[in-house]
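# Architecture at a glance
Letter by letter, the chains look like this.
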Amino acid sequence: MTSTPGSAGPTDAPTPRPSELPTRVRRFTRAERLVHRATATLTLLCVATAACLYVPALAELVGRRHLVVTVHIWTGVLLPAPYLLGLASRAFRADLALLARFTSYDKEWVRAVRQRRFHRPAGKFNAGQKLYAGWIAGAALVMLGTGLLMWFTHLAPLAWRTGATFVHDWLALAMGVVIAGHLWMALTHPESRVGMRTGEVDRAWAKDEHPHWKP
Amino acid sequence: MTPQPPDGTAPPPRPEPKQPPDAQRPADAERPAAPDPGTPVARRLVLGMLGLGAAGVAAAPYVQKGIDSFLGAAADKDPTGLTGLFPNSSGFRYYSVADSVRKKTPATYRLDIGGLVERPVSYTLAQLRALPQTRVVRDVQCVTGWRVPDTPFEGVRLSHLLDLAGVKPTGRAVRFLCFDGTYSESLTLDQARRDDVLVALKMQDKDLPHNHGGPVRLYVAPMYFYKSAKWLSGINVTDRVLPGYWEELGYDVDAWVGRSNGRTDTPTV
């Protein structure tokens, strides 16, 4: 007969309580975090070079126009690559499916934000995250399309190119504001950041912020 | 952003493809616990943005003028200069291909004229100012699309400088060098001898500032603005046209506004 802990003497360690849940829960796999990191790096490079091409003071400071244009174009063209590679991951596809659709509690979340109420129900992703994901994906595609029209000048008639420049410029401004909002949310939500960095979040935090998520 | 169906083992909220989009709406409140396919918000956002983008490209020619004139009027009353950060197709934009460009003062500036000429010469800024000055007022058209109407440039006709130096019979073209250390440009001798091609000392009736290529830049009125090399420091007469900086990167050497680079802008001359 094997001895159980505690039976050999008073100095033995007490038996741990059997059914206690771990305090950390899994939120993102390594593949998902890699997709996020690669997308974030490309986006930051793309936005930084855009600023150096566009803001006169920065353009005068940096110069090197050909290099800056090259970095801007290639980071922009490669921006969808991490997403497409990520589709190989089942966890990433599952999260996309969650991000893509509004459920009844997402509508409740939007109403709560509008009425400045504190109870804001959410699944694994809240409605704000879903809106951000959809909008930024659409905006990035428009930037890619208009950017290609501006790059390959022989593709389309002049009127298209002028229009593409117009849309590219104004949408860049809007995206700058929205991406700044995304960074602000990350900055003010440390546990979300931990989740994206380590893949795990605090169970109590998850229950609080994402009550409908059953990890 | 269209989600791929996760193979086999599915997470709880899955779209049910055959259900019409509006069918589940009234049921929402009655059975919140049942699997809720939900509204495809991401798809709508993506398609909506694509639609807006296409509409923006199509509407730009009509909208842009209004926005430009509005921003122009706002900029007149804007002490902060913040209006300058909005996209605007009028007004100059700063392009430099070099890392940083050291400023030249009247004391340090020189313009060297050499190559296939009888009398190579090096001008100071004061000497250039003492030569006969010509003023040309034309639109400035950049190959990237922006245009600044009725911009006065003033300086010495290039043809006058070439005559003073005496072009040798073997000379066929002119190559321009810049003190940013990187940029270069070229014109044929016939193009260089036009009377709207200047070695410009003034723009908008003021001394050329550094960020516009001062103290001395080239000004080629009938061509796209990349021909008007900033920070001009050297003029060499050569026996053939040597492509300049942007021309090595695919832009046209003969850059007539409206007849080159695949563009159909209104000619500036």
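None of these values were measured; they are calculated from a predicted model.

Here the focus is the environment of A:A40. Residues and elements named next belong to chain A. Relative to the helices and strands, A40 resides in helix α1 (residues 30–54). What makes A40 partly exposed here is its relative accessible area of 30%. Residues A40 and L79 lie 39 residues apart in sequence; the distance between their C-alpha atoms is 9.1 Å.

Turning to the interface of chain A and chain B, a few remarks are in order. Listed by partner, the interface residues are 49 residues for chain A and 51 residues for chain B. Both sides of the chain A and chain B interface together cover about 4600 Å² of buried area, and 66% of this is carbon and sulfur. Together, A:R65, A:R101 and A:F166 form the three largest contributors to the area buried by chain A at its contact with chain B, with a combined 15%. Taken together, the connections running from chain A to chain B amount to zero salt bridges. Linking chain A with chain B are five residue pairs in polar contact (both at pLDDT 80 or more), by the criterion used here. When residues of the side of chain A that touches chain B are traced back to their parent elements, those giving at least two are α2 (56–62), α3 (65–78), α5 (90–100), α6 (104–114), α7 (127–151) and α8 (158–188) of chain A. In terms of residues, the side of chain A that touches chain B owes the most to one element, α8(A), which gives 12 residues. Taken together, the residues of the side of chain A that touches chain B break down into 29 nonpolar, 10 polar and 10 charged.

One finds B:L111, B:L128, B:L158, B:L161, B:L232 and B:I235 to be the most contacted residues of the largest nonpolar core, which totals 61 residues. Element by element, the count of residues in this core is highest for strand β7 (residues 197–203) of chain B, at six residues. Setting aside residues no more than four positions away along its own chain, B:I235 makes contact with B:L111, B:D112, B:I113, B:G114, B:L158, B:V174, B:R175, B:F176 and B:V199. Counting residues in hydrophobic clusters, the runner-up holds 13 residues, among them A:M143, A:F166, A:V167 and A:L171.

We now examine the sheet that holds strand β1 (residues 111–115) of chain B. Residue and element names in this part refer to chain B. The strand order across the open sheet built from five strands is β2-β1-β10-β5-β6, with neighbouring strands paired in mixed fashion. Every other strand in the sheet has two partners, leaving β2 (121–123) and β6 (184–188) as the edge strands with one partner each. Each adjacent strand pair in this sheet contributes to an overall mean axis angle of 20 degrees, direction not counted. Note: strand β5 (residues 173–178) against strand β10 (residues 232–238), six bridges, orientation antiparallel. Bridged to C178 within β10 is L232. Each of β1, β2, β5 and β10 is contacted by helix α4 (residues 158–165), which is oriented at about 60 degrees to β1, the strand it contacts most.

This paragraph deals with the pairing of β6(B). Residue and element names in this part refer to chain B. Counting buried positions along β6 yields four of five residues, so the element is predominantly enclosed. Examined bridge by bridge, β5 and β6 share five bridges and lie antiparallel to one another. Its bridge partner being in β6, V174 is matched across the sheet by L187. In sequence, β5 turns back onto β6 through a hairpin of five residues, with G181 there showing a positive phi of about 85 degrees.

About the cut-offs
Residues numbered from 1 in each chain as written. Chains lettered and ligands numbered in written order. Predicted model: local features only at pLDDT ≥ 70, side-chain atom pairs only at ≥ 80, totals over all residues. Heavy atoms only, no water. Helix = DSSP H or I, 4+ residues; strand = E, 2+ residues; numbered from the N terminus. Buried < 20%, exposed > 50% of the residue type's maximum accessible area, 1.4 Å probe, protein only. Contact = heavy atoms within 4.5 Å. Buried area = accessible area lost by both parts, 1.4 Å probe. Salt bridge = Lys/Arg side-chain N within 4 Å of Asp/Glu carboxyl O. Polar contact = N/O pair within 3.5 Å; in protein donor to acceptor, adjacent residues only side chain to side chain. Nonpolar A, V, L, I, M, F, W, Y, C, P; charged D, E, K, R; others polar. Core = buried A, V, L, I, M, F, W, Y, C linked by side-chain atoms within 4.5 Å. Pairing = 2+ DSSP bridges. Axes fitted to C-alpha atoms, helices over the stretch in contact; angles between N-to-C directions.

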